[in-house]
Amino acid sequence: NAGVMQNPRHLVRRRGQEARLRCSPMKGHSHVYWYRQLPEEGLKFMVYLQKENIIDESGMPKERFSAEFPKEGPSILRIQQVVRGDSAAYFCASLQQGEQYFGPGTRLTVT
Amino acid sequence: GENVEQHPSTLSVQEGDSAVIKCTYSDSASNYFPWYKQELGKRPQLIIDIRSNVGEKKDQRIAVTLNKTAKHFSLHITETQPEDSAVYFCAALGGGGNKLTFGTGTQLKVEL
């Protein structure tokens, strides 16, 4: 749905650098989901956040990955010390009446 | 947690034929089952969904059926067209209502 915004659309990082991915949900929504999609694979749940609160982070890797959704501003998925295996498309989704709508995704390439 | 299995992984049909994709789920408390279509390089798009209080839902050439007893649901596309070619994902919303669990996807190819 055009209402869910993500930036940047493409991000290139060298191994060891940090990647910051941003997501703004549909206007008025305070729930954000992050998913990772490896090349030619399915969507894997990472984390579910509400404003200022992490509801479910059962899909997040234990190290290097973190997420936040501050009171003001977009949700941010942060990957520290990126490795080549982090190369993937990262989608966020917003919830409306039980239906999830996805943003356009950020394609992260680690060189 | 919820586990969703999807079959087949690839499906090739002739234009005009029907296509059926099947999914099973494990959590009997799951109550919402959407289907997404993803074209190459694009975001998943919600195409149809069904809730556990109905057994079938139809929207033009697309229909979804749900069998709660057997814990499986299916996507049916009739009169397929080349633009139907994409990857289709099923998903289930668990009883906790927090997150969708996705199937592994079906690559549908509609051949002329």
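Just so it is clear, the structure is predicted and the values come from calculations on it, not from any experiment. (Residues numbered from 1 in each chain as written. Chains lettered and ligands numbered in written order. Predicted model: local features only at pLDDT ≥ 70, side-chain atom pairs only at ≥ 80, totals over all residues. Heavy atoms only, no water.)

*Asks:* Just checking my understanding: could you explain the overall build of chain A for this structure?
*Replies:* The secondary structure content of chain A amounts to zero helices and eleven strands. In sequence order, chain A lays out its α and β elements as β-β-β-β-β-β-β-β-β-β-β. Here the C-alpha radius of gyration of chain A, 13 Å, is about what a compact globule of 111 residues would show, namely 13 Å. Counting only C-alpha atoms, chain A reaches 40 × 25 × 25 Å along its principal axes. Here chain A holds 111 residues, and the buried ones make up 43% of them. For chain A, restricting intrachain contacts to residue pairs at least 6 apart in sequence, the fraction spanning at least 24 positions comes to 51%. A total accessible area of about 5,700 Å² is found for chain A, and carbon and sulfur atoms account for 45% of it. (Helix = DSSP H or I, 4+ residues; strand = E, 2+ residues; numbered from the N terminus. Rg over C-alpha atoms; globule rule 2.2 N^0.38 Å. Buried < 20%, exposed > 50% of the residue type's maximum accessible area, 1.4 Å probe, protein only. Contact = heavy atoms within 4.5 Å. Areas by Shrake-Rupley, 256 points an atom, 1.4 Å probe, with all protein chains shown as cover.)

*Asks:* Explain the sheet that holds strand β1 (residues 5-7) of chain A to me, please; I cannot follow it from the model alone.
*Replies:* Strands in a sheet are paired, the pairing made by backbone hydrogen bonds, and the direction either parallel or antiparallel. All names here are of chain A. Spatial strand order, β1-β3-β8-β7: four strands in an open sheet with antiparallel pairing. Looking at strand neighbours, the two that pair on one side only are β1 and β7 (65-68), the edges of this open sheet. In this sheet, neighbouring strand axes are inclined to one another by 15° on average, regardless of whether the strands run parallel or antiparallel. Pairing analysis gives four bridges linking β7 to strand β8 (residues 75-79), with the strands arranged antiparallel. Note on β8: the bridge partner recorded for Phe65 is Ile79. (Pairing = 2+ DSSP bridges. Axes fitted to C-alpha atoms, helices over the stretch in contact; angles between N-to-C directions.)

*Asks:* What is the right way to look at the pairing of strand β1 (residues 4-7) of chain B in this model?
*Replies:* The side chains of a regular strand alternate, residue by residue, between the two faces of the sheet. Residue and element names in this part refer to chain B. Of the two faces of β1, only one is covered, namely that formed by Val4 and Gln6; the face formed by Glu5 and His7 stays uncovered. In this sheet, strand β3 (residues 19-25) lies alongside β1 in antiparallel orientation, the contact comprising four bridges. Each residue of the ladder has a partner; that of Gln6, found in β3, is Cys23.

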